[in-house]
Amino acid sequence: MTRTTLALLALILALPALPASAKEAGPGFSVDILEKDLRTRLAWLAADERKGRDTISAEAVTASQWIADQWGAMGLLPKGTEGWFQPFVVPQPILKEGNLLEVCVGSDTTSYEVEKDWNPFSLSRSGTVEGEVVFAGYGITAPEKRFDYDDYKGVDVKGKIVVVFRKNPGWRETRHAGFRTKLSNAKKHGAAAILLCNNPATVRQNGGKDVIGHWSASLGAPSGSGPIPYAFISHEIAERLLAPTGKSLDEIETALRKEGPQTQLLEGASVKLRTAMATTKESNARNVMGFLPGRDPAVSDEVVVLGAHYDHVGLGFFGSTGGPSAAGKIHNGADDNGSGTVSLMELAEWFSRGENRPRRSLLFIAFTGEERGLLGSRHYVNNPTVPLADTVAMLNMDMVGRSKGGRMQMGGVGTAKGLKDLVAAANEKHGLKIQWDEQGVAPTDSTSFFRKGLPVLFFFTGLHGDYHKPSDDVERVNFADLTRICRLVRDVCTEISERDERLVFTRPPPRKRPPTIGIRPSPEPD
């Protein structure tokens, strides 16, 4: 045996061992990237039984275990802080005992039931308030010349409880209609608490259903962070409070839209409101992390991260674009982001096959909490299980299942020297029609890595009419093009992992025009 042969044998023995199953596909799956495998996996992940995979739901836990089990069968190694998982805390509101709402009109007092007739908002301050009631229209102060509108003008609401309608007087803009905007405006004018109800126009648009907001719905602010108690009340409660005006809610809204503010003290009416909310402190969400050691000891300490978020918006109480009627309905999130998650799994399966194992190591991360503000990826980059200094690049797949005619968007190509040319060369055999974007910032998980000074790529097929709606289902996914995109990610990852030199991070120049790529963040409902 020659010295060269001995050296080669030593090199082979030094490689991190993979289980025998690394060479085999999971039960019923091929090691190749195939349309039928993507379809089978997505049919499970985006099924009604997963109930939309809300970040902190039991169904999200089930999905995370399903991902981990398959990665284990492929031969990946766990790389979380607790085996396959990296748990973290998503601050979540908790409805405590003691919430109370009593309405007194004249000498008649009525108690209303929380979770039936009313709910505190998640950001409501906990506390007890009792006092007179002022109807303050839409609760809007809009000094802009085009509006010149103020529901609080000439009325003293200091220490009083204000009742306001949802939305605005029919304007197209939504900034003044936001829940948080109404809260801050009420506080600014000295109100002790705020009660909000659906405006009649919204109820009509919802087929006559008066749907009150759920106490768990996030408004993009931490639970309990509001300055005063804040509650969503039913039309029944609002009608009782507004009875002294002698007008129906419809009549009041008509007057608001035709004549302007109708603010007034509700004579003879008073309210006692007690809100009691708390916030979770225990871990309630988890990323899933699988590791594939590189084959070349000279560069195997360097890592390429492949990522996709597996969470969605659950039953649509938070983040749905389907309007009030969508609340409580399953949002399966087949494209967002079941498509990226199953692509991540197919890639793990392909790379785990012996002859496909790259020189550099690969870290596969299925993130959660993306829909609530990139929580999982932000937690990872602040608590990495592989040093960020050893991270070569991050490739992110988010909404890659709705290509039309092979069209897709590619973000981040300006975050490393030569990255656009690298992707373009890899795409020659796939023939996808790519819209390029240099920027590293988009409302998706790759942004967390870019902000740490790392090269990123964001694979995306664009927004569509089913975005964050119950209609984002498996049958609407373009599996043929999803397969092509998945194979493009594979080839791009292979090139980055095999080349001798690391990518060199660059910061793209400021954007000269509005963004054309990216996913809309979950909106604050109004």
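Residues numbered from 1 in each chain as written. Predicted model: local features only at pLDDT ≥ 70, side-chain atom pairs only at ≥ 80, totals over all residues. Heavy atoms only, no water.

1. Focus on the pattern of salt bridges
The cut-off we apply is this: What makes a salt bridge here is a side-chain nitrogen of Lys or Arg within 4 Å of a carboxyl oxygen of Asp or Glu, nothing more. Helix and strand definitions here come from DSSP, where helices need a minimum of 4 consecutive H or I residues and strands a minimum of 2 consecutive E residues; each element is numbered from the N-terminal end. Buried residues are those whose accessible area, probed at 1.4 Å on protein chains only, stays under 20% of the maximum for their type, while exposed residues exceed 50% and partly exposed ones sit between those limits.
Per the counting criterion, the structure on display carries 22 salt bridges. For Glu349, the salt bridge is made with Arg41, and the minimal N-O distance between the two is 3.3 Å. Taken together, the residues Glu349 in helix H8 (residues 334–352) and Arg41 in helix H2 (residues 35–45) connect sequence positions 308 residues apart. With respect to class, Glu349 is no different from Arg41; both count as buried. Arg499 serves as the salt-bridge partner of Glu495, at 3.7 Å between the closest nitrogen and oxygen. Given a relative accessible area of 37%, Glu495 falls into the partly exposed group. One connected set of salt bridges, linked through shared partners, spans Asp32, Arg353 and Glu355.

2. What to know about H8
Stated precisely, the cut-off is as follows: To estimate the expected span of a helix, subtract one from its residue number and multiply by 1.5 Å.
Helix length check: H8, at 19 residues, gives a terminal C-alpha distance of 25 Å against a target of 27 Å (1.5 Å per residue), a fit within 8%. Across the 19 residues that make up H8, a large majority, 19, are buried.

3. Digging into the packing of H2 against H8
So the rule is basically this: The convention used is that axes are lines fitted to C-alpha atoms, helices contributing only their stretch in contact, and that angles between N-to-C directions extend from 0 to 180 degrees. Relative orientations are named as follows: roughly parallel for angles under 35 degrees, roughly antiparallel for angles over 145 degrees, roughly perpendicular for angles from 65 to 115 degrees, and oblique for any other angle. Should the near helix be turned anticlockwise from the far one by less than a right angle, the crossing is termed left-handed; should it be turned clockwise, right-handed. In what follows, residue pairs with any heavy atoms lying within 4.5 Å of each other are defined as contacts. Each residue gets one of three labels, nonpolar for Ala, Val, Leu, Ile, Met, Phe, Trp, Tyr, Cys and Pro, charged for Asp, Glu, Lys and Arg, and polar for the others, Gly among them.
It is the contact of H2 with H8, at a shortest axis distance of 9 Å, that shows an interaxial angle of 130 degrees. Judged on the interaxial angle alone, H8 and H2 are oblique. Between H2 and H8 lies a crossing of right-handed hand. Only Ala334, Gly338, Ser339, Thr341, Val342, Ser343, Met345, Glu346 and Glu349 of H8 make contact with H2, whose side of the interface consists of Asp37, Leu38, Arg41, Leu42 and Leu45. Within the contact of H2 with H8, the residues separate by chemical class into 6 nonpolar, 4 polar and 4 charged.

4. Quick word on the pairing of strand E10 (residues 161–165)
Cut-off, in case you're wondering: Should DSSP find at least two bridges between two strands, the strands are taken to pair.
With 5 of 5 residues buried, E10 is to be regarded as a mostly interior element. The side-chain alternation of E10 yields two buried faces, one formed by Ile161, Val163 and Phe165 and the other by Val162 and Val164. The pairing of strand E7 (residues 127–135) with E10 spans 3 bridges and is classified as parallel. In the strand pairing of E10, Val133 is matched with Ile161. When E10 meets strand E11 (residues 193–197), the two strands line up parallel, connected through 5 bridges.

5. Details of the nonpolar core
Here is the rule we go by: Residues enter a nonpolar core if they are buried and are Ala, Val, Leu, Ile, Met, Phe, Trp, Tyr or Cys, with the set joined through side-chain atoms within 4.5 Å.
Ranked by internal contacts, the top residues of the largest apolar core, which has 61 residues, are Trp71, Phe364, Leu395 and Phe459. If one sorts the elements of this core by residue count, helix H12 (residues 479–498) sits on top with 9 residues. Excluding residues that lie within four positions of it along the chain, Trp71 makes contacts with Leu76, Trp84, Val288, Met289, Gly290, Leu344, Met345, Ala348, Phe364, Ile365 and Ala366. Counting residues in hydrophobic clusters, the runner-up holds 37 residues, among them Val103, Tyr112, Val114 and Trp118.

6. Thoughts on the side chain of Thr263
Rule in force here: By the criterion applied in these results, polar contacts are pairs of N or O atoms within 3.5 Å in which, for protein atoms, one can donate a hydrogen and the other can accept it, and in which residues neighboring in sequence qualify only through two side-chain atoms.
Tracing the backbone through its elements, the reader meets Thr263 in the loop between helix H7 (249–259) and strand E13 (264–275). Among the residues examined, Thr263 registers a relative accessible area of 18% and is labelled buried. At 2.4 Å, the side chain of Thr263 forms a polar contact with the backbone oxygen of Asp151.

7. With respect to the confidence of the model for the protein
We count it as follows: pLDDT expresses how confident the predictor is about each individual residue, on a scale running from 0 to 100.
The share of residues in the protein with pLDDT of 70 or more is 92%, and the mean pLDDT across the chain is 91. Note on residues 1–25: pLDDT is under 50 here. Beyond four places in sequence and across chains, it has 33 contacts. Taken as a whole, residues 514–525 scores under 50 in pLDDT and shows 42 contacts with residues more than four places along the chain or in a different chain.

8. Structural notes on the pairing of strand E2 (residues 85–88)
A regular strand carries its side chains on alternate faces of the sheet. Both faces of E2 are covered, namely the face carrying Phe85 and Pro87 and the face carrying Gln86 and Phe88. Where E2 meets strand E15 (residues 285–292), 4 bridges bridge the pair, whose relative direction is antiparallel. By the bridge assignment, Pro87 is partnered in E15 with Arg286.

9. Quick look at the environment of Leu266
Considering the arrangement of structural elements, one finds Leu266 in strand E13. Expressed as a C-alpha distance, the spacing of Leu266 and Leu241, which sit 25 residues apart in the sequence, is 7.3 Å. Once residues within four sequence positions are removed from consideration, Leu266 is found in contact with Val133, Phe135, Leu241, Leu242 and Thr245.

10. Some remarks on the sheet that holds strand E4 (residues 100–105)
Strands sit in the order E5-E4-E13-E7-E10-E11-E12-E6 across an open sheet of 8 strands; the sheet is mixed. The open sheet is flanked by strand E5 (108–112) and strand E6 (118–120), the only strands paired with a single partner. In this sheet, adjacent strand axes meet at a mean angle of 25 degrees when their direction is disregarded. One ladder, built from 6 bridges, connects E4 with E13; its direction is antiparallel. Within E13, the position partnered with Val103 by the bridge is Val271. Sitting on the sheet, helix H4 (residues 179–188) is in contact with E10, E11 and strand E12 (230–233), with an inclination near 145 degrees to E11.

11. Section: the packing of aromatic side chains
Defined as follows: Classification of ring pairs rests on two measures: the distance between centres of Phe, Tyr or Trp rings, Trp counted by its six-membered ring, which must be within 6.5 Å, and the angle between planes, read as stacked under 30 degrees, edge-to-face over 60 and tilted in between. Placement of a charge over a ring requires the Lys NZ or Arg CZ to be within 6 Å of the ring centre, with the centre-to-atom vector within 35 degrees of the ring normal.
If you walk through the whole model with that rule in mind, you get 15 aromatic pairs. Put simply, the rings of Phe121, Phe179, Tyr230 and Phe232 pair up and form one aromatic cluster. Looking at Arg50, its charged tip hangs above the ring of Trp44, at a distance of 3.8 Å from the centre. Its guanidinium or amino end placed over the ring of Phe85, Arg286 lies 3.6 Å from that ring's centre, counting from NZ or CZ.

12. Thoughts on the packing of H2 against helix H3 (residues 58–74)
How two helices pack is summed up by the angle between their axes together with the distance between the axes. Two numbers describe how H2 lies on H3: the axes approach to 11 Å, and their chain directions differ by 150 degrees. The angle between H2 and H3 falls in the class roughly antiparallel. Between H2 and H3, the residues in contact are Arg41, Trp44 and Leu45 and Thr62, Ala63, Trp66, Gln70 and Met74, respectively. A per-class count over the contact of H2 with H3 returns 5 nonpolar, 2 polar and 1 charged.

13. A word on helix H9 (residues 375–382)
Among the residues of H9, Leu375, Gly376, Ser377, Tyr380 and Val381 are the ones counted as buried. Check the buried side of H9 and you find it contacts E2, E15, strand E17 (361–367) and helix H11 (446–450).

14. Observations concerning unusual backbone geometry
Asp336 connects to Asn337 through a cis peptide bond whose omega is -10 degrees. Checked against the element boundaries, Asn337 lands in helix H8. Backbone geometry at Arg53 places phi at a positive 50 degrees, although glycine is not the residue there. Since its relative accessible area comes to 0%, Arg53 is described here as buried. For His468, which is not a glycine, the phi torsion comes out positive at approximately 55 degrees. Here His468 shows up in the loop between strand E21 (456–460) and H12. The class of His468 is buried, set by a relative accessible area of 0%.

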